[in-house]
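Secondary and tertiary structure notes
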Amino acid sequence: MPCRRETRSPIFFGPFDVKTFLRHQLERYVQRLGELDFLLSREDIMSDMAQYRTISREHAEVTQIAGRYERYKQREADIAGAKEMLDDPDMAEMAKEEIAGAEAELVQLEEELQRLLLPKDPDDARNAFLEIRAGTGGDESALFAGDLLRMYTRHCERAGWRCEVVSESESELGGYKEVVIRIVGTDVFGHLRFESGGHRVQRVPATETQGRIHTSACTVAVLAEPDETVAVQINPADLRIDTYRASGAGGQHINKTDSAVRITHIPTGIVAECQDDRSQHRNKAKALQVLSARIQEKERSERAAKDAAMRKGLIGSGDRSDRIRTYNFPQGRLTDHRINLTLYKLLAIMEGDLGDVLDALRAAREAEQLAELESSLPA
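Residues numbered from 1 in each chain as written. Predicted model: local features only at pLDDT ≥ 70, side-chain atom pairs only at ≥ 80, totals over all residues. Heavy atoms only, no water.

1. Comments concerning the overall build of the chain
- When its secondary structure is counted, the chain shows 10 helices and 12 strands.
- Across the 379 residues that make up the chain, the buried fraction comes to 41%.
- Sequence-distant contacts in the chain: of pairs separated by 6 or more residues, those separated by 24 or more amount to 65%.
- By element, 51% of the accessible surface of the chain is carried by carbon and sulfur atoms, the whole surface being about 20600 Å². (Helix = DSSP H or I, 4+ residues; strand = E, 2+ residues; numbered from the N terminus. Buried < 20%, exposed > 50% of the residue type's maximum accessible area, 1.4 Å probe, protein only. Contact = heavy atoms within 4.5 Å. Areas by Shrake-Rupley, 256 points an atom, 1.4 Å probe, with all protein chains shown as cover.)

What follows is the structure, given as structure tokens:
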């Protein structure tokens, strides 16, 4: 049996004409690069670290696009020069090879430039909170929540990201009723944002004596970590803060003080809690971060729902009620229902090998964005 099978339609970028639509956009990036070079040379910018980091980040993005565009123009010039040699019998064969190679590279560069020019979500570069909640299936669902947590933390290790537990509610037989982790690294939210939704598992539970396959489910939510300035903008009068004794395994590690914190945002009813730290102050700060992220995600979901009313998105809004994926252990199969992607490498995926899944979701989103861009252009 092959290790991988894809049933989704091939993604096709184009046809776009760099000479008309893209070239105008790309020339603006070349101009912007000059502006950013000037800004980064100013002493007042260099002395303001926050502003310097923002401009440096934009400079890196613009440099990449402008650099690929310069390469595109160079290959165009190479083709023009080679065509001038076609009339020379001694140079014609070499000129034909040059033209063929340059034209093939132009196609690749055009696709790359199209992707680079697609609109980017400013939150993509942020750290993220990842929440996993057990759903239907009782104890088996909680065990699956633990498996998902392990899968994501293993993937984070592969990516060089750092994970820390914010809050957890363990089930009696193992696994979690609910667990929230914070993931710190480069472009975390952009990579994991499409993991939000319902995850269904089909397998024989360890407690099943007759070998019957059970189906259970968990919900996953990926939230972009807001700026610290966003968190403090929440009106303190809208918050109810409760402290309680953190749960533990007992023994010397049991928390004997009311250090755990639960914060409720009264207008929305959104709740966040943290019991990871022995310090009530630090737990409060972490809970406030999670609360702010959940409020921001609520606003994002509402905007996505309005957008979805106007068009049917390929990836979807990431609503937690959506069943986005099935993990079938008897068949060793993972299926992402949004893009009809099926992979027969489930054990590797559960060990954190999520690259194929995440890449396919990102490519599907890029194809969707490109289709929207094409439809918005004048005929």
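2. Concerning the nonpolar core
- Residues L130, I132, L148 and Y327 are the most contacted members of the largest nonpolar core, which totals 38 residues.
- Contributing elements (two or more residues each) for this core: β2 (128-134), α5 (139-159), β4 (176-184), α6 (188-192), β6 (214-224), β12 (341-343), α9 (346-350) and α10 (355-376).
- Looking at this core, the element that brings in the most residues is α5, giving 7 residues.
- Beyond its immediate chain neighbours, meaning those up to four positions away, I132 contacts A145, L148, L149, Y152, K177, E178, V179, C218, T219 and V220. (Core = buried A, V, L, I, M, F, W, Y, C linked by side-chain atoms within 4.5 Å.)

3. Description of the packing of helix α3 (residues 49-84) against helix α4 (residues 92-117)
- In contact at an axis separation of 9 Å, α3 and α4 are set at 155 degrees when each is read in the N-to-C sense. Taken as axis vectors, α3 and α4 run roughly antiparallel relative to one another. For α3 against α4, the interelement crossing comes out left-handed.
- Across the contact of α3 with α4, the residue classes tally to 13 nonpolar, 2 polar and 11 charged. (Axes fitted to C-alpha atoms, helices over the stretch in contact; angles between N-to-C directions. Parallel < 35°, antiparallel > 145°, perpendicular 65-115°, else oblique. Left-handed = near helix turned anticlockwise from the far one by under 90°. Nonpolar A, V, L, I, M, F, W, Y, C, P; charged D, E, K, R; others polar.)

4. Here we look at the packing of aromatic side chains
- In total, this model carries 1 aromatic pair according to the counting rule given.
- A ring pair is formed by F144 and Y327, whose centres lie 5.3 Å apart and whose planes are at 70 degrees; its orientation type is edge-to-face. Linking F144 in helix α5 with Y327 in strand β10 (residues 323-328), this pair joins segments that are 183 residues apart in sequence.
- The exposure class of F144 is buried, given its relative accessible area of 0%.
- The buried category is assigned to Y327, whose relative accessible area is 0%.
- Directly above the ring of Y244 sits R262, whose terminal nitrogen or CZ lies 4.4 Å from the centroid. (Phe/Tyr/Trp six-rings, centres within 6.5 Å; stacked < 30°, edge-to-face > 60°. Lys NZ or Arg CZ within 6 Å of the ring centre and 35° of its normal.)

5. Details of unusual backbone geometry
- The phi dihedral of D187 falls on the positive side, at around 55 degrees, and the residue is not glycine.
- Here D187 lies in the loop between β4 and α6.
- The backbone phi angle of N340 is positive, close to 55 degrees, even though this residue is not glycine.
- Note that N340 resides in the loop between β11 (333-336) and β12.

6. What about the pairing of strand β9 (residues 270-274)?
- In β9, alternate side chains face the same way, and those of I270, A272 and C274 are buried while those of V271 and E273 on the opposite face are not.
- Pairing between strand β8 (residues 260-265) and β9: 5 bridges, direction antiparallel. Bridged to T264 within β9 is V271. (Pairing = 2+ DSSP bridges.)

7. With respect to the sheet that holds β8
- Read across the open sheet, the 3 strands follow the order β7-β8-β9; overall the sheet is antiparallel. Edge strands, defined here as strands with exactly one partner in the open sheet, are β7 (239-244) and β9. Neighbouring strand axes in the sheet, compared pairwise and without regard to direction, differ in orientation by 15 degrees on average.
- Bridging between β7 and β8 involves 6 bridges; their strand directions are antiparallel. Note that in β8 the partner of T243 across the bridge is V261.

8. Concerning α3
- An ideal rise of 1.5 Å per residue puts 52 Å on 36 residues; α3 measures up with 52 Å between its terminal C-alpha atoms.
- The complete set of buried residues in α3 reads I55, H59, V62, I65, A66, Y69, Y72, R75, E76, D78, I79 and A82. (Expected span 1.5 Å × (residues − 1).)

9. Some details on the side chain of R338
- Among the structural elements, R338 can be located in the loop between β11 and β12.
- A polar side-chain atom of R338 sits 2.6 Å from the main-chain carbonyl oxygen of F194.
- Of note is the side chain of R338, whose polar atom sits 2.8 Å from the side chain of D336. (Polar contact = N/O pair within 3.5 Å; in protein donor to acceptor, adjacent residues only side chain to side chain.)

10. A closer look at the confidence of the model for the chain
- Confidence in the prediction for the chain averages 83 pLDDT; 84% of positions are at 70 or higher.
- For residues 1-16, every residue scores under 50 in pLDDT, and the model assigns this stretch 42 contacts once sequence neighbours within four places are set aside.
- Counting contacts from residues 249-256, a segment whose pLDDT is below 50, to residues more than four positions away or on other chains yields 6 contacts. (pLDDT = per-residue confidence, 0-100.)

11. What about the environment of V201?
- In this structure, V201 sits in strand β5 (residues 197-203).
- Taking the C-alpha atoms as reference, V201 lies 5.7 Å from T215; in sequence the two are 14 residues apart.
- For V201, the residues in contact, after removing those within four places along its chain, are E140, F144, H214, T215, S216, Y327 and F329.

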